[in-house]
Amino acid sequence: MRKWRIPAGLYNALPYFYASAGLLAMIALRDGVAVVLGLILLSAGGLVGLLRAQHRRGLYQLEKPSDLPNAGKEEAPAGVLVQFLWRNSFECGHPLIDEQRRRLCRLGSELINSVLIRQPPSQVELLLDDLIEHIIDHFSTEESVLAETQPPILRKHQASHRALLAKAATVRDQFLSGQLAASDLVGFISCDVISDHVIRDSRELAVEAG
């Protein structure tokens, strides 16, 4: 009986498919059930990726390095399970603001990966503080630009910035004290930071500037 095999490209993409589906579910639906389902998909992608990496490391250790082609380049970077990809459609048109938001996507991805692979709490805390610090710097830049170019919409953005920073502080304190689940932290990053601010707010700025 002939066995059916999954194409190599599809097989290699499975962890990223699970992770992307989980993030899309949380961003699109934005309710408690979506966050739980999204975290399950994210965890599935992380688990598949980690098991695959462990399997490859096991095979590598069973063989002599001289018997493996390109042995020194065999292992892929560890822990890269989720990646928020920046698109040109997210740009608001201001080079500095757009670059800062690209970095928010990178930092958000790094923090979610850190949670998924269960890095030490001290490392997660560093990444979380780095993300919040960058959000503060980004809001300062954005408000300075709006004050000069679009004063009528400045107050609305200042209010949304204060609300997001207040929530970020609460999420940080509760997560680090064990009062907040990992799913809620992932939901905050994917929904409040990436979906609401980086994507939706960028488009609103572009429309208002036009």
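The structure under discussion appears in the preceding block.
Residues numbered from 1 in each chain as written. Predicted model: local features only at pLDDT ≥ 70, side-chain atom pairs only at ≥ 80, totals over all residues. Heavy atoms only, no water.

**Points about unusual backbone geometry**
Phi at Arg118 is positive, roughly 55°, even though this residue is not glycine. Mapped onto the fold, Arg118 is located in the loop between α3 (95–116) and α4 (121–149). Here Arg118 falls in the exposed class, since its relative accessible area comes to 75%. (Helix = DSSP H or I, 4+ residues; strand = E, 2+ residues; numbered from the N terminus. Buried < 20%, exposed > 50% of the residue type's maximum accessible area, 1.4 Å probe, protein only.)

**A word on the pattern of salt bridges**
Inspection of every chain in the model, using the stated rule, returns 10 salt bridges. In this structure, Asp130 engages Arg103 in a salt bridge whose closest nitrogen and oxygen atoms are separated by 3.9 Å. Remark: Arg103 occurs in helix α3 and Asp130 occurs in helix α4; sequence separation between them is 27 residues. Here Arg172 ties to Asp173 by a salt bridge, and the two come within 3.2 Å at their closest N and O atoms. Asp173 gets classed as partly exposed once you look at its relative accessible area, which sits at 45%. (Salt bridge = Lys/Arg side-chain N within 4 Å of Asp/Glu carboxyl O.)

**With respect to the nonpolar core**
With 30 residues, the main nonpolar core has Leu111, Ile112, Leu131, Leu185, Phe188, Ile189 and Ile194 as its most contacted residues. Only α3, α4, α5 (154–176) and α6 (182–209) provide two or more residues apiece to this core. It is α6 that provides the largest number of residues to this core, a total of 8 residues. Setting aside anything within four residues of it in sequence, one finds Ile189 in contact with Phe84, Gly108, Leu111, Ile112, Leu131 and Ile194. (Core = buried A, V, L, I, M, F, W, Y, C linked by side-chain atoms within 4.5 Å. Contact = heavy atoms within 4.5 Å.)

**Brief notes about the packing of aromatic side chains**
For the structure on display, the rule yields 1 aromatic pair. Summarising the aromatic geometry, the rings of Trp86 and Phe90 are spaced 5.7 Å apart at their centres and angled 85° between planes, so their arrangement reads as edge-to-face. (Phe/Tyr/Trp six-rings, centres within 6.5 Å; stacked < 30°, edge-to-face > 60°.)

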